[in-house]
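Next come the chains, spelled out residue by residue.
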Amino acid sequence: MKKIIIILSLLAGFNSAHGMTVNQIVDAGKVAQQQDKQIKAPSFSLIDTQGNIHTNQSTQGKYLVINFWATWCPPCLKEIPAFVEFYENNKDRVLILGLDYEQADKKSIEEFTDTFMVNYPIVLFDEHNSPQFPNFGEVIGMPTTYVYNPEGKLVDFKMGEMDIESLKNAISK
């Protein structure tokens, strides 16, 4: 009985120490959202599969969409048509960089992206580009997408599949 009382008192203390009210969770979310608005795009120099160099300077004046994806990721494949359509309709004011977060050769990725008629630049996870991938933020699941406004400030972030409406909303912020 004594052991049970000790265990229950420890659990009760642990529970109250880590319990949060709904208001506290909402307030923490608001603080995190405000902090996100202060995040700026990192300095980068990425080379796409066509040999074009993309830097934070060359992308200024446009919304920058950084999309981490992989060929083996079903939600990544599902969102590609939305990115293709969105880029086709907004390429005058948006640059999408598809950062392929897997070790794959250029020929395989080009064949894959040709199948999906990808019309935006694809950046391989290679010796030049891969050290810069973490600069955009931690990727713990794929797909992961970061959207920066023309001034380079983070305006949207999503881990999981993006659709056309989400992309449109991101560039309206």
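For the structure itself, look to the data block above.
Residues numbered from 1 in each chain as written. Predicted model: local features only at pLDDT ≥ 70, side-chain atom pairs only at ≥ 80, totals over all residues. Heavy atoms only, no water.

Caption draft 1: Region of the structure containing the overall build of the protein. The helix and strand tally for the protein stands at five helices and seven strands. In the protein, the order of α-helices and β-strands from amino to carboxyl end is α-α-β-β-β-α-β-α-β-β-β-α. When each of the 173 residues of the protein is scored for burial, the buried share is 39%. Within the protein, contacts between residues separated by at least 24 positions form 69% of all contacts whose residues are at least 6 apart in sequence. For the protein, the computed accessible surface area is about 10,300 Å², with 57% contributed by carbon and sulfur atoms. (Helix = DSSP H or I, 4+ residues; strand = E, 2+ residues; numbered from the N terminus. Buried < 20%, exposed > 50% of the residue type's maximum accessible area, 1.4 Å probe, protein only. Contact = heavy atoms within 4.5 Å. Areas by Shrake-Rupley, 256 points an atom, 1.4 Å probe, with all protein chains shown as cover.)

Caption draft 2: Looking closely at the pattern of salt bridges. Taken as a whole and judged by the stated rule, the model has four salt bridges. Ionic pairing is found between K168 and E165, a salt bridge with its closest N-O pair at 3.9 Å. One end of the pair, K168, and the other, E165, are both in helix 5 (residues 164-170), three residues apart, so they sit about a helical turn from each other. You can call K168 partly exposed: its relative accessible area is 43%. (Salt bridge = Lys/Arg side-chain N within 4 Å of Asp/Glu carboxyl O.)

Caption draft 3: Layout of the pairing of strand 3 (residues 63-69). Judged by how many residues are buried, strand 3 sits mostly within the fold: seven of seven residues are covered. Burial along strand 3 is two-sided: Y63, V65, N67 and W69 and L64, I66 and F68, pointing in opposite directions, are all buried. Once the chain exits strand 3 it traverses helix 3 (residues 74-90) before rejoining the sheet at strand 4 (residues 94-100), and the crossover so formed is right-handed. Relative to strand 6 (residues 144-148), strand 3 is paired through five bridges, and the arrangement is antiparallel. (Right-handed = clockwise from strand over helix to strand, strands pointing away. Pairing = 2+ DSSP bridges.)

Caption draft 4: Seen up close, the packing of aromatic side chains. As enumerated under the stated definition, the model contains 13 aromatic pairs in all. Where F83 meets Y120, the ring centres are 6.1 Å apart and the plane angle is 50 degrees; that geometry is what we call tilted. Taken together, the residues F83 in helix 3 and Y120 in the loop between helix 4 (106-115) and strand 5 (122-123) connect sequence positions 37 residues apart. We note that F83, like Y120, is buried. Here the aromatic cluster, defined as three or more aromatic residues joined through ring pairs, consists of F44, F68, Y101, F125, F133, F136, Y146 and F157. (Phe/Tyr/Trp six-rings, centres within 6.5 Å; stacked < 30°, edge-to-face > 60°.)

Caption draft 5: Representation of the state of the cysteines within the structure. Counted under the stated rule, the structure contains one disulfide. In this model C73 forms its disulfide with C76; the gap between the sulfur atoms is 2.3 Å. Here C73 and C76 share a disulfide; its torsion about the S-S bond, 80 degrees, makes the bridge right-handed. Accessibility classification places C73 together with C76 in one group, the buried group. (Disulfide = S-S within 2.5 Å.)

Caption draft 6: Here's a closer look at the sheet that holds strand 5. Strand order in this open sheet of five strands is 5-4-3-6-7, and the pairing throughout is mixed. Two strands close off the open sheet at either side, each with one partner strand: strand 5 and strand 7 (154-159). Running over the sheet, helix 3 touches strand 3, strand 4 and strand 6 and is turned about 155 degrees from strand 4. Those strands touched by helix 4 are strand 3, strand 4 and strand 5, and its axis lies near 110 degrees from that of strand 3. (Axes fitted to C-alpha atoms, helices over the stretch in contact; angles between N-to-C directions.)

Caption draft 7: Seen up close, the pairing of strand 6. For strand 6, the buried fraction is high: five of the five residues fall into the buried class. Burial of the side chains of strand 6 extends over both faces: T144, Y146 and Y148 are buried on one face and T145 and V147 on the other. With five bridges joining them, strand 6 and strand 7 adopt antiparallel strand pairing. Within the sheet, the bridge partner assigned to Y148 lies in strand 7 and is L154.

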